Every structure is written in C-alpha cells, then in structure tokens.
Amino acid sequence: MTKFSELKLHPKVLKAVEEAGYETPTPIQAGAIPPALEGRDVLGIAQTGTGKTAGFVLPMITMLARGRARARMPRSLVLCPTRELAAQVAENFDTYAKHVKLTKALLIGGVSFKEQDTLIDKGVDVLIATPGRLLDHFERGKLILSDVKVMVVDEADRMLDMGFIPDIEKIFGLTPFTRQTLFFSATMAPEIERITNTFLSNPARVEVARQASASETIEQGVVMFKPSRRDRADSEKRKLLRALIDGEGDKLTNAIVFCNRKMDVDVVAKSLKKYGYDAAPIHGDLDQSQRTRTLDGFRNGELKLLIASDVAARGLDVPSVSHVFNFDVPSHAEDYVHRIGRTGRAGREGKALMICNPRDESNLADVERLIQKEIKRIDNPIQDNAPESAAPTDEGEDGEKRKPRSRSRSRSRSRSDDRPEERRDNRNDTRRENADKRPRAQDTAAEKSADKSDAIPPAEKPETAPAEAKPRESRSDSRQADSRPADSRPADSKPDNTRSRNRQGDQGNSRRRGGRGDDVVGMGDHMPGFIAMSFEERRDD
DNA sequence: AAAAAAC
C-alpha cells in the first residue's frame, strides 16, 4: 500500500502530514496527488469524507513551496460552495503548510472586505473563496487572476445545486488558459460533465467508490411519526426528537440535528435549549461570526448538539459525531447520504435516526431507493400521544389547555387590556373606551384570564419544560403576576416585548396561556372558524 | 420546497 512518503510531496509537507498523525493516504489522495504533482488536471469524483481536501491541499503546497506571490496576483485559487467549507480548507492549509512559508487569504462573504483587501494587496499564494465574494473583489478591481497557476473547484455538484455554475465559468474565464485545474465533484451530472469538458484538459480521472460507510457502518433508523392532532404536530415532533436523543443516553457524545428549513432549525434549537439541552443553531441566515463561533464550539466539544440546515450537510469536517438526527426527511434523497455521512466517519461507528411525517413518506421511499436499503422502522418511543399522556405529566400544560379554552379566551381577550396600544386603537371606539375606562384593579376574572402572554407566536411559544430543566426562579416583580410556573416561561425566550405589555393588571392565574395564535384582535366577539385553524388545516380543508 | 451565496 502506498504511503505518503512515497508520494513525492515536499519534505516539509510530509513532515506536517506525519505530525498530524497520517501515514497512509486515502484512495482519493493516493489517486489525485501524483497526477496533480505532475502538473496534470485532475477530475476527482469523490464523496465528502474521503479525504479529498488533503488530496488537493498537499500537492498545492508542494507546488507553491517555490516562488512567491506578487501583489494582488494570487498564485492559486480554491473555490468552495459554502463559507464554512472555505474556512475549513483554509485550516487545512494552516495544518499542512506550517513548515512552509505560504500566505493565504480567505475570501468569504459576511465579513468585512478590509482585512481581505489588505491581504490581497500584499500578495497571497493561496486564495480560498466562495464565488460571490471572489467576484465582488474582482469587480472592485482589487484582484488580478492572471497569475493563477492552480485552480481548484471543490464540491462542484453542490455549486451546481446552488446555482454557482455561471460564476464558476466566469472565474474560469478570468484565469489563464494555462492554469492547472483540480476539479472535485461527488457526482457527474450532465452539467458538470459539460464544465469539465470545457475547462479541463486531458484530466486524470480519479474516482473512488461511493462511500460504503454511508450505509454500512452507520446504523440507521426511522420513526414513522403521526401526530395525535394536527395542531400539535410541531410540538409533538420536537418531543419525539427529545425522546430519541434521550434514548441514546451516553452513547450520544455529540450530534447534528438536520432540519429542512431554517425556521425549523431556529425553533428546534430554541426548544431544545429550553429543555436544558446543550444545543445551538447554524444556518445561512445567521451572521457569520455566530456561524463560526457555533461551529468552533461544536468542533471543540463545547457544544453537544448542532441544529443545522443543509449548510452543514456536506463537506464540513466534524471529526467524530456519534449521532445524526434527521428531524425531517430530506427532500433530495442524496442529501440524506450527505447528512448521515457526518457520522460514522473514518471507520467509527455512527447512528442516524430520522423522523418521517406521513407526508414525507414518498421522500423516504426515494431515500431508500437511493441507498438501496430499507431503513429500519423504529417504534415511536412516545406511545402516549393520546390525551391522557398530556394530562398530569410535565407535558400537561402544553397539551391540556389549548382547544377548549381558546374560544372563551379569544372572546374575552378582545376586550381585555392587554393589547398593545397601537392595535387597540384599531378597534371600535366603544369597546376601546370601555376597556380603557375600567380601572385595572377591577379587571374581571374573565379578562384576567385572557390577558396572558399568548401573543407569543407559535414558533416561540414556550413548551413546558421538564422538571430538571426548571431553572429560573428569579423573575422580575413586574412579572410575578404571572403565576404560571416559572419554568414554563424561560427568560431567554423571545416574547419579552409581549410580556412587558402584559405587565400591568396581570394578576391572573396560571391557566390561560399555552394557546397558539388563536386569539383574534379586531373582530369583536365573532371569530370566523378558519381563523383559529393553522395554515395547514386551512389548506387541507 | 428549501437551502446556499454578494453588497
């Protein structure tokens, strides 16, 4: 078997590789490094987790070890589809170029141009970039790509998915015809084939088998989830997730929870946190510093649960994730492979559990067709979604109060004092006057029972926290009025503005929160039935 | 249907 020492890498690169603890290259490395060092174009077809990053980083450092970059004229260029991936490639350069004098710049969006400009001005050997920011620099005239000797396109199929191909073609056009190109893709879609035919010249084609590990070393399971009621589907699904997490016990050292939508990433992360889990969200709408911080924390082991959109599905190198949870069935089957590929890496064991909604069953079938394997059905660990479960347990609050109460609440609510001024002003005058005249101290019980913090939008509605997650006794006195158990309204949940509106006259008892957005303002006593339904219910009707 | 990426 080939060893790194036989690959003609620069001795200083080899030294760094050995110091990092590697001796034997992976198949993609063994296949890509020699032709790359000969100056040939390389077409690498490999999944994530196969070691392809080092497959281009090591030969690049070797080739760049001689010579120096001129101002604004980088000597090499690596393009990545996401910022995290670009950052990760940059780290690889740090690791393997530590004995070589090499300058690099990371050009990604979401951070200021200034530092990037400064580096470019001084001249860099390696430019690692996401396409948008690279072109941005170029268009501002800060960057000259005519001295690029090596260009790498990483995760090309993902670039395709993300609509970056025109940008990539443009960038190809800005670099010299004579450059060397290293091109990596997990699949060879027709469009990718076209690009490679256009921009690669007689490439060495290196293909490694589809990650066997994806379906073999990873234990997979799926829970077919049926909510007891549609309006409880979301919270029950989160409860199921918690049960799945809990069920893994100590075997779960760290995990990624994938959701299909950014909004769900936020909601799930917030919910888990509230229940005392060590969780944080990552997706493309969060600012870059937070993304970086969260990911760093996760890598360091400071963060246990990473709740992620598909920004984290591919390419991210998180060394040892014990579990992957798919909160949703991915709608592109191949995303499933990428997601679960975050666990069971490098021969370690991994476990991937998924929740499947009834409406996602066809997606599940697609996934199974792709991986050519049936995913084991797991019983729903929560057997008692039925009413009685919702009764006296810690779930009680969440389950019990909603529907029956909502009618009367919504009625009395429309006359109560808890509305924000501007909204109250929209209501009819008599009513407003009546409401306003009434001294607070004499608020009727009905009104009091109405004026709880129900304005919390569904996404933010605190779920009842379990006993062990009951922290915050300290509540500001302005809130003491709310006799709901302190634990059911965590201080860090969003609706603070809502609460502060509700402060005065708020002597109510604990009973009336827990609704969703089913209270209506401005409709007097009558509320059309459809208003109380979720969007889903309306659509289905 | 959604996510990602440029300001």
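Before reading on, note that the structure itself is shown above.
Residues numbered from 1 in each chain as written. Chains lettered and ligands numbered in written order. Predicted model: local features only at pLDDT ≥ 70, side-chain atom pairs only at ≥ 80, totals over all residues. Heavy atoms only, no water.

S.K.: Any details on the sheet that holds strand β3 (residues 104-107)? Residues and values, ideally.
M.R.: If you trace the seven strands from one edge of the open sheet to the other, you get β3-β4-β2-β5-β6-β1-β7, paired in parallel fashion. Edge positions in the sheet fall to β3 and β7 (204-207), since each has one partner strand and no second. The mean inter-strand angle of the sheet, taken between neighbouring strand axes irrespective of direction, is 10°. Strand direction decides the pairing type here: strand β2 (residues 76-79) and strand β4 (residues 126-129), joined by four bridges, are parallel. Bridge pairing in β4 links V78 to I128. Sheet strands touched by helix α5 (residues 113-122): β3 and β4. Its angle to β3, the strand with the most contacts, is close to 145°. (Pairing = 2+ DSSP bridges. Helix = DSSP H or I, 4+ residues; strand = E, 2+ residues; numbered from the N terminus. Axes fitted to C-alpha atoms, helices over the stretch in contact; angles between N-to-C directions. Contact = heavy atoms within 4.5 Å.)

S.K.: Give a description of the protein's contact with DNA strand B that names residues and reports values.
M.R.: The local shell around DNA strand B holds 23 residues, among which R133, K262, G284, S309 and S331 are the closest. Counting only the atoms of DNA strand B within 4 Å of the protein, the fraction contributed by sugar and phosphate is 76%. Taking N260, its main chain carries an N or O atom lying 3.3 Å from a sugar or linking oxygen of DNA strand B. The separation between a phosphate oxygen of DNA strand B and a polar main-chain atom of K262 is 2.5 Å. Top element by residues in the surface near DNA strand B is helix α6 (residues 131-139). It accounts for three residues. Here the residues of the surface near DNA strand B sort into five nonpolar, 11 polar and seven charged. (Near = heavy atom within 4 Å. Polar contact = N/O pair within 3.5 Å; in protein donor to acceptor, adjacent residues only side chain to side chain. Nonpolar A, V, L, I, M, F, W, Y, C, P; charged D, E, K, R; others polar.)

S.K.: Mind laying out the pattern of salt bridges, listing which residues take part and the relevant values?
M.R.: With the rule as written, the count across this model stands at 25 salt bridges. With a closest N to O distance of 3.0 Å, D231 and R229 form a salt bridge. What makes D231 buried here is its relative accessible area of 6%. Two residues, D366 and R369, come together in a salt bridge whose shortest N-O distance is 3.1 Å. In this pair, D366 and R369 both sit in helix α15 (residues 361-371), three residues apart, roughly one turn of the helix. The structure contains a network of salt bridges with shared partners spanning E219, E248, K251 and K351. (Salt bridge = Lys/Arg side-chain N within 4 Å of Asp/Glu carboxyl O. Buried < 20%, exposed > 50% of the residue type's maximum accessible area, 1.4 Å probe, protein only.)

S.K.: Which residues make up the nonpolar core, and what values do they have?
M.R.: In terms of nonpolar packing, the biggest core is built from 39 residues, with M60, V78 and F93 touching the most fellow members. Looking at this core, the elements with two or more residues in it are α1 (11-19), α2 (27-37), α3 (52-64), α4 (83-96), β4, β5 (150-153) and β6 (180-185). With seven residues, the single largest contributor to this core is α3. Apart from residues lying up to four places away in sequence, M60 is in contact with S76, V78, F93, V126, V150, V152 and L182. Residues L303, L316, M354 and V367 belong to the second largest nonpolar core, which totals 30 residues. (Core = buried A, V, L, I, M, F, W, Y, C linked by side-chain atoms within 4.5 Å.)

S.K.: Describe the sheet that holds strand β8 (residues 218-224), with residues and values.
M.R.: Within the open sheet, the seven strands sit side by side as β10-β11-β9-β12-β13-β8-β14. Their pairing is parallel. The sheet is open, and its two borders are formed by β10 (279-282) and β14 (376-378), each paired with just one other strand. In this sheet, neighbouring strand axes are inclined to one another by 25° on average, regardless of whether the strands run parallel or antiparallel. Examined bridge by bridge, β8 and strand β13 (residues 350-356) share seven bridges and lie parallel to one another. Bridge assignment links I218 to a residue of β13, and that residue is G350.

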